[in-house]
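Summary of the model geometry
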Amino acid sequence: MTSALPTTDRLRERALESLRRCGAALPGGADADAAARTPITGESLLPLARSAAGDVDAAVGAARRAFESWRTTPAPGRGALVRRLGDLLREHKADLADLVTIEAGKIRSEALGEVQEMIDVCEFAVGLSRQLYGRTMPSERPGHRLMETWHPLGVVGVVSAFNFPVAVWSWNTAIALVCGDTVVWKPSELTPLTALACDALLARAAADAGAPPDVHRLLLGARDVGERLVDDPRVALVSATGSVRMGREVGPRVAARFGRSLLELGGNNAAVVTPSADLDLATRGVVFSAAGTAGQRCTTLRRLIVHEDVADELLERVVDAYAKLPIGDPFDGTTLVGPLISARAHDAMRGALERAAADGGTVLAGGGRRLREAAPDAYYAEPAVVRMPAQTEVVREETFAPVLYAVTYRTYEEAIALNNGVPQGLSSSVFTRDQREAERFLAADGSDCGIANVNIGTSGAEIGGAFGGEKETGGGRESGSDAWRAYMRRATNTVNHSEELPLAQGVSFL
Ligand code: UN1
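Just so it is clear, the structure is predicted and the values come from calculations on it, not from any experiment.

Criteria and cut-off values
Residues numbered from 1 in each chain as written. Predicted model: local features only at pLDDT ≥ 70, side-chain atom pairs only at ≥ 80, totals over all residues. Heavy atoms only, no water. Near = heavy atom within 4 Å. Polar contact = N/O pair within 3.5 Å; in protein donor to acceptor, adjacent residues only side chain to side chain. Areas by Shrake-Rupley, 256 points an atom, 1.4 Å probe, with all protein chains shown as cover. Nonpolar A, V, L, I, M, F, W, Y, C, P; charged D, E, K, R; others polar. Domains from an automatic or database assignment. Contact = heavy atoms within 4.5 Å. Buried area = accessible area lost by both parts, 1.4 Å probe. UniProt positions renumbered as here; feature names shortened; annotations may be inferred. Helix = DSSP H or I, 4+ residues; strand = E, 2+ residues; numbered from the N terminus. Buried < 20%, exposed > 50% of the residue type's maximum accessible area, 1.4 Å probe, protein only. Pairing = 2+ DSSP bridges. Salt bridge = Lys/Arg side-chain N within 4 Å of Asp/Glu carboxyl O. Phe/Tyr/Trp six-rings, centres within 6.5 Å; stacked < 30°, edge-to-face > 60°. Right-handed = clockwise from strand over helix to strand, strands pointing away. Core = buried A, V, L, I, M, F, W, Y, C linked by side-chain atoms within 4.5 Å.

1. Quick word on the site of the ligand
Near the ligand you find E117, N163, F164, W171, R297, C298, T299, S459, G460, A461 and F467, and these make up its full shell. The backbone of C298 places a nitrogen or oxygen atom 2.7 Å from an oxygen atom of the ligand. Here an oxygen atom of the ligand and a backbone polar atom of A461 are 2.7 Å apart. Contact with the protein chains removes 99% of the 320 Å² of surface that the ligand exposes when unbound. Tallied by class, residues from the shell around the ligand come to five nonpolar, four polar and two charged. Here the shell around the ligand spans two domains, since at least three of its residues come from each of domain 1 (8-264 + 480-490) and domain 2 (269-465).

Here's what the structure looks like:
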């Protein structure tokens, strides 16, 4: 099934309407040196002017000056700004979702879901603004108090990816703002319009809430802009989402100047399906996680580790479901799979499928391209399922496209070893009705990922938990739980309210 596509002119009009309603102005005109484009048709939407490397200094300087007053604004007062942002996001949910669909190619329901994720994290951050708790510990000395205080950290540089162009920004920004930090954002070059809309809404929220306008600055730049941001010693924390390759550059550069980094890099997520699994539920969980978002989430299911006794039955069901996936216009309410972001993503998918075949893999479903005639510059890929004889090198790599590799296992130990046998460690799940298997998956010697689920797929996490992963995924945690601590600095305070000066550890001096 495929649906007809809207024209680029219609998409441009729709984008401009959304931007206007959000109050966003376009940096274009004579300075235009880049373009916003849409993967729906693969064509250019609007000319835009990029920020230059020199603009980074001004943006970071302004954010640093705003920090001076923002850090002493009481945290619940900072929460008022984020509450207002949440209100504006509710009001403009459809506008932002339109822009996400136009620029990232997400289907309607997922684009709305992404904006909902922003609203949710704003709500979480507002609550958090009254809960930035420090601990008090018993002092070993009489007449002394020992405690810790969490203070704002400084300017946070947010570098985000195309696939969650607004939610990942909001996880960082809503939390950073209540923590008393200010933010400089460099979004993906592929999604400048959604970024302009978010920046405009936050500027309006700041004006309404009486916050300094420079609590947030946007830079629409290329790689040189990102590098300048990462290297600026006034940027206390760099929170970067993207490829492992990007993280390998950002991590050491920030570390070299003793800055902090929070990295959300690649995932190569697996689901284990055991013989006791509810196969209906497993099929739905697998198909959403593997084919949803056209395989372009960092939490996308890429490896299916299925017990040999249920492999044929499960794969038959998955292949059946794949055959019925409506692929096409993401604005069409019946579509479940939209376009890939670019020709490069499609090349990567083709390359991975060729390597998998060379390794002895059999393509059970998908792999073809749709709508080539209707839109030669757009890439609508049929999500693929490939049965592999083993977890070969191509399976151990993350290909950011809808390719699901299936391998079989015999013993549960083997399944856990396969789950953990890749360089990445973001998300994982097990489908089982056996409590021992479920608990073992979550135990210290179970899944080694930052996210480990039971009877749901690997993608679609709620904002309330800490989001992130281990190994090459980078170790960072964002969004819920106590991820806020990465955005603050901890001071340990010892207060002496006695007239003596006892030294710790029984030391005597003077
Ligand atoms: C990402 O792909 O970068 O858990 C983030 C999920 C979403 C976030 C994904 N809530 O799939």
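Continuing now.
2. Examining the domain arrangement of the protein
Many descriptions give the size of an interface as the accessible area lost when the pieces come together. Here the protein is partitioned into domain 1 (8-264 + 480-490) and domain 2 (269-465). Of note, the centres of domain 1 and domain 2, computed from C-alpha atoms alone, are 30 Å apart. Each partner contributes residues to the interface: domain 1 has 28 residues there, and domain 2 has 23 residues. Overall, the association of domain 1 and domain 2 removes approximately 2,100 Å² of surface from exposure, summing both partners, and the carbon and sulfur fraction of that is 64%.

3. Considering the UniProt feature "domain: Aldehyde dehydrogenase" (unreviewed entry) in the protein
Under the UniProt annotation, "domain: Aldehyde dehydrogenase" (unreviewed entry) lies at residues 35-490. Helix and strand shares over residues 35-490 are 40% and 21% respectively, and the end C-alpha atoms of the span are 43 Å apart.

4. Looking at the side chain of S18
Along the chain, S18 turns up in helix α1 (residues 8-22). Residue S18 is classed as buried on the basis of its relative accessible area, which comes to 0%. Those residues in contact with S18, other than ones at most four positions away along the chain, are D95, D98 and L99.

5. Concerning the sheet that holds strand β4 (residues 144-152)
Strand order in the open sheet formed by three strands is β3-β4-β23, with antiparallel pairing between adjacent strands. Bordering the open sheet on either side are β3 (136-137) and β23 (488-496), each of which pairs with just one other strand. Summarising the sheet, β3 and β4 pair through two bridges and their orientation is antiparallel. Along β4, the bridge assignment pairs M137 with L146.

6. Considering the UniProt feature "active site" (unreviewed entry) in the protein
As recorded in UniProt, the feature "active site" (unreviewed entry) lies at E264. Sequence-distant contacts of E264, defined by excluding residues within four places in its chain, comprise A240, T241, G242, F467, G468, G469, T473, G476, R477 and E478.

7. A few points about the pattern of salt bridges
If you walk through the whole model with that rule in mind, you get 35 salt bridges. One salt bridge connects D98 with R14, and the closest N-O pair in it is separated by 3.1 Å. Here the residue D98 occupies a position in helix α4 (residues 93-104), and R14 occupies one in helix α1, the gap between them amounting to 84 residues. Using a relative accessible area of 6% as the deciding quantity, one classes D98 as buried. Sharing partners across several salt bridges, the network here consists of R84, D87, R90, E123 and D208.

8. Describing the packing of aromatic side chains
In this structure the tally under the stated criterion is four aromatic pairs. Ring centres of W150 and W484 lie 5.3 Å apart, and the angle between their planes is 70 degrees; on these two criteria the pair is classed as edge-to-face. Of the two residues, W150 sits in strand β4 while W484 sits in the loop between β22 (478-479) and β23, which places them 334 residues apart along the sequence. Each of the two residues, W150 as well as W484, counts as buried. Ring geometry for F162 against F400: centres 6.1 Å apart, planes inclined by 85 degrees, an arrangement best described as edge-to-face. Residue F162 is found in the loop between β5 (155-159) and α6 (167-178), and its partner F400 is found in the loop between α13 (393-396) and β16 (403-409); the two are separated by 238 residues along the sequence.

9. What about the pairing of β5?
Counting buried positions along β5 yields five of five residues, so the element is predominantly enclosed. Across the two faces of β5 the burial is the same, with V155, G157 and V159 and V156 and V158 all buried. Bridge count between β5 and strand β6 (residues 182-186): five bridges; the pairing is parallel. Residue pairing across strands places V159 opposite K186, the latter belonging to β6. As a crossover connection, the stretch from β5 through α6 into β6 is right-handed. Both β5 and strand β8 (residues 235-241) contribute to a ladder of five bridges, which runs parallel. When the bridges of β8 are listed, G157 appears paired with V238.

10. Describing the nonpolar core
By size, the foremost hydrophobic cluster in this structure holds 137 residues, and its most contacted members are L81, L193, V273, L304, Y322 and Y405. Tallying contributions element by element places helix α7 (residues 192-209) first for this core, with ten residues. Excluding residues that lie within four positions of it along the chain, L81 makes contacts with W70, L177, L202, A205, A206, A209, A211 and V215. In terms of nonpolar packing, the next biggest core, distinct from the first, is built from 19 residues, V60, V155, V225 and A240 among them.

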